[in-house]
Amino acid sequence: MYQIDPSRLELAREFKKKPFGEHSPDLQYLLHRMRSYDASGHHVLVMTRPHAQWTLARMQAGGRQAPTLTNTTFTSLEEAEWHVFKLRWKDLTGQDLPID
């Protein structure tokens, strides 16, 4: 299983600069790893107002139940994606991402 190298901050910067669209192969691989792990409490985004608001939620282990919404909302999908990226980075590396 691919382990995320917490020293690869350039990949985080690449994602922050361009969260959507084509990414470098290394970033694409990292995103695949971040999006495919199944852990209790896995963070996801739920669109709670069409194209206007996204709410941070947590999946249950196995992903067969509806996610549990939190009180954290975003009005920008880019901001929401960056927030989840940082949470997943910490989940998978055990370290906070030192980029705001």
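Quick notes on the rules
Residues numbered from 1 in each chain as written. Predicted model: local features only at pLDDT ≥ 70, side-chain atom pairs only at ≥ 80, totals over all residues. Heavy atoms only, no water. Phe/Tyr/Trp six-rings, centres within 6.5 Å; stacked < 30°, edge-to-face > 60°. Helix = DSSP H or I, 4+ residues; strand = E, 2+ residues; numbered from the N terminus. Buried < 20%, exposed > 50% of the residue type's maximum accessible area, 1.4 Å probe, protein only. Axes fitted to C-alpha atoms, helices over the stretch in contact; angles between N-to-C directions. Parallel < 35°, antiparallel > 145°, perpendicular 65-115°, else oblique. Contact = heavy atoms within 4.5 Å. Nonpolar A, V, L, I, M, F, W, Y, C, P; charged D, E, K, R; others polar.

Centre-to-centre distance and the angle between the planes together describe a pair of aromatic rings. Scanning all chains against the criterion turns up four aromatic pairs. Ring centres 6.5 Å apart and planes at 25° place the aromatic pair F15 and W82 in the stacked group. Taken together, the residues span a long stretch of sequence, with F15 in helix α1 (residues 9–17) and W82 in helix α3 (residues 77–93) at a distance of 67 residues. Taking relative accessible area as the criterion, W82 reaches 9% and is therefore assigned buried. Put simply, the rings of F15, W82, F85 and W89 touch in pairs and so form one group of aromatic residues.

Running from N to C, α1 and helix α2 (residues 25–36) point in directions that differ by 85°, and their axes come no closer than 10 Å. Between α1 and α2, the angle falls in the class roughly perpendicular. Taken together, the residues of α2 that come into contact with α1 (itself represented by L11, E14 and F15) are D26, L27, L30, L31 and R35. Broken down by class, the residue content of the contact of α1 with α2 amounts to five nonpolar, no polar and three charged.

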